[in-house]
Amino acid sequence: MDIEFDPYRKWLGIPKSDQPAHHYRLLGIELFEADGDVISNAADGRMVQVKSYQSGKYAAESQRILNEIATAKICLLDRQKKVAYDQQLQQRLAQRAAAAVPIAEAVRVEDPAEFDFAVTATSTTRRIAAKTPKKKSHPWPIYAAVAGLVALLGTGAFLLLPGDAKSVADTSTLSSKSSAAALSSPTETTPAVKPEPKPQPKPIIPPLKLEPVVPKPPVKPPKPKLELEGNPKSEEIKVKPEDKSPQVAMAEPVAEPKAEPKAEPKADKPKRPAVPDKTSQQEAEAKVREIYKEELTAAKSGEARAALSKKLIEQAAASKDDAAAHYVLLRMAGEQAVIGGDVALAMEVIDQMQAAFQIDAMSMKAGVLGAIMRQPSADKTTNGAAYEMAMKLADEAISRDDFELAASFMKAASAAGRKSHDIEQNRTIAAKTREIDRLKGKFANVQKALDALAGDDLDGAANRVIGEWYCFAKGDWDKGLPKLAKGDRADLADVAKRDLAKPTAPKEQAAVGDSWWSLAEKESPALKPTFEARARHWYEEAVPQLAGLEKARAEKRLEQAAPQAATPEPAAAVSRRGAVKKGNVALAVNGTTATSNKPWLAPPTYLFDGDSTHYDGGKGFTSTLWPADWIITLDKAYSLQTIRFKLWDLDNRAFRYRLWTSSDGKKFVPAVDRSQGDWKSWQEIKFPARAVKYVKLECLHCNGNNDFGVIEFEAYCSAPSTAK
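Residues numbered from 1 in each chain as written. Predicted model: local features only at pLDDT ≥ 70, side-chain atom pairs only at ≥ 80, totals over all residues. Heavy atoms only, no water.

Notes on helix α21 (residues 528-542)
In an α-helix there are 3.6 residues to a turn, and that puts residues three or four apart on one side. Over its 15 residues, α21 runs 21 Å from end to end, which matches the ideal 21 Å to within 8%, given 1.5 Å per residue. Within α21, eleven of the 15 residues are buried, leaving the element largely enclosed by the surrounding structure. Buried within α21 are the following residues: Pro-529, Thr-530, Phe-531, Glu-532, Ala-533, Arg-534, Ala-535, Arg-536, Trp-538, Tyr-539 and Ala-542. (Helix = DSSP H or I, 4+ residues; strand = E, 2+ residues; numbered from the N terminus. Expected span 1.5 Å × (residues − 1). Buried < 20%, exposed > 50% of the residue type's maximum accessible area, 1.4 Å probe, protein only.)

Here's the deal with the environment of Ala-594
Within the secondary structure, Ala-594 is located in strand β3 (residues 593-596). For Ala-594, a relative accessible area of 15% gives the class buried. Considered as a pair, Ala-594 and Phe-608 are 14 residues apart in the sequence and their alpha carbons are 9.2 Å apart. Those residues within four positions of Ala-594 in sequence are excluded, and the remaining contacts are Trp-600, Pro-604, Leu-607, Phe-608, Ile-631 and Ile-632. (Contact = heavy atoms within 4.5 Å.)

A short note on the environment of Glu-523
Counting through the fold element by element, Glu-523 comes out in the loop between α20 (506-522) and α21. If sequence neighbours within four positions are ignored, Glu-523 has contacts with Arg-489, Lys-528 and Phe-531.

Brief notes about the nonpolar core
Buried together is how nonpolar side chains tend to be arranged in soluble globular proteins. With 70 residues, the main nonpolar core has Leu-312, Met-347, Ile-359, Leu-369, Phe-409 and Trp-469 as its most contacted residues. Residues within four places of Trp-469 in sequence aside, it is in contact with Asp-401, Phe-403, Leu-439, Lys-442, Phe-443, Val-446 and Lys-474. Residues Phe-645, Tyr-657, Val-695 and Ala-715 belong to the second largest nonpolar core, which totals 37 residues. (Core = buried A, V, L, I, M, F, W, Y, C linked by side-chain atoms within 4.5 Å.)

Quick look at the pattern of salt bridges
Side chains that differ in charge, positive against negative, can pair when their charged atoms come close. Enumeration over the complete set of coordinates arrives at 29 salt bridges. Here Asp-78 and Lys-81 are joined by a salt bridge, their closest N and O atoms 3.2 Å apart. By relative accessible area, which is 11% here, Asp-78 ends up buried. For Asp-651, the salt bridge is made with Arg-653, and the minimal N-O distance between the two is 2.7 Å. Given a relative accessible area of 16%, Arg-653 falls into the buried group. (Salt bridge = Lys/Arg side-chain N within 4 Å of Asp/Glu carboxyl O.)

Brief notes about unusual backbone geometry
Between Gln-19 and Pro-20 the backbone carries a cis peptide bond, its omega angle lying at -10°. Looking at where Pro-20 falls in the secondary structure, it is placed in the loop between α1 (7-12) and α2 (23-27). For Ser-681, which is not glycine, the phi dihedral falls at a positive 50°. Among the secondary structure elements, Ser-681 is positioned in the loop between β8 (669-679) and β9 (682-702). Ser-681 sits in the partly exposed class, given a relative accessible area of 21%.

Following this line, the structure appears as structure tokens:
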């Protein structure tokens, strides 16, 4: 009968006495197993085995167990989670062992003649098999007590995708090694002959109501936080564990690794609640699945999943008073977006989850992108969107000095690149991956300086190292200059102090530029361009108001600096290539022009007039027949990081295009490929700083008519201060 059906025993060989099973028992591996490959392979094997029952009579049971297996895999492959889980598990087992001495007497795992370890052919999991049946009695009731209590520890971990997904859960192929010490004494055994039941009564373990436990940090003390003086917006330095695996798609996230900044707290901003406990989530999910049963069953295509996801998001917004329902609705919406390969929608869901709950959104996004790229439904549109998002988020991780996370995003970008077969795109990915590896190596010394500064904020050597990192490696002068000013290099500290004074008189501005220029002449060829870049900043501020020989000298140095700055030290995090100027540099008043291989239907001057609001059906925009190639030429090579433009948006038409950049007008490198999908109104493309004088816009398609219309084109050396 169905009531008696036990999927854990039937499918996984886990007897009632070991249920509910803790993570190690569920995967069928040795207690406290530390080898990431063993854990990953065991979980994958279990998933393959359980998935074979997905479409049968016990589909619901199959999905529930798949979620539990995925939960165990995520926890045991994440260093921080595994350490916290193992510590709690050891404490529980130790408490039970102290209260039940017969366990130690009944199971002598140190005796090699009594047990051995066999690897099954189907799941590569380790099982304990009794070599020789003994007449010795085993305290099975105590085993059941221990297993029941231990299993409760896993109830607050993570939930994964619904079973009709072909399970994103099994797409997680994490292979990181856990640093937790492996213990050689398993507590679960599978005897060849089940002993006769003992006359003593079976211990009764009262059910425990466990609150969700946020895993504590590893035993290793956390790295110190650095508050950079003189820059109230500066972020704390985030130091990640050496071995960090990203969250798998829509798994229940860990708490955010960093607390909100304590400086000047806003009284009107309530603290976000923690993620609801697993029991509450299960109750809420049961209700959601009952209400949306038909939609969940019918959602098979990407479009249907996207529609269902949006419906769940709307319901989540209406369920904010119920934390469990709010969270579960968002999680399920994200799951549908992941399965359907909708990158933008999945990211939107995570942003909403972060706004409402304490989660590590960046790690979750890394896992989601990786899971999306492993979906069978991933097509060209998905690949392009995943590549663009991964590159953008990798830059954000670099800005936080989180190079492990940046590498995770690059893995997703690499997966998209392999599927796209775009040579230039893959070259860009390879170059950025090497850049991240270099930065990770260099940051080791910076971390030592951060540690030293935690004990003495006036440590000159530490301040100099940190200042050089921000200024010369990352181009973040706002964060770096205050540290250089307190550093142990006198000439550098002096010019940093003068720079921080932010002079407004043109002669004083030029004098600061002269100081940086003088330091540049003494520096190595590798660092010289970065010093010149700062000198160039002050010369550009001063030149419009200078006159005579002072102006001529500043202009000459600007000309001399440009070629060298175009090929700076490759170890720089965000290298400054080309001229650097504030604001939009693609303006007609600066000399920006455009050409097209098709006749202009509306003049190109509208592209660069700085006006993105005054336009109608007859003026204020530029257009040609598509397909067409537009070449936009700036007045000089700038160190660009952001390009954005506004597509015609007075009706519902949508466009497709590709964007390329070049420093010489001969070799163009891709900035974004939006040849699939429907793109409307403002388009913002971000990329690592590069020298750009020429931009090619491939006008590929418009679904409204034969015209490809653009209202305004803009280019920036740094991120614009306001979004369009």
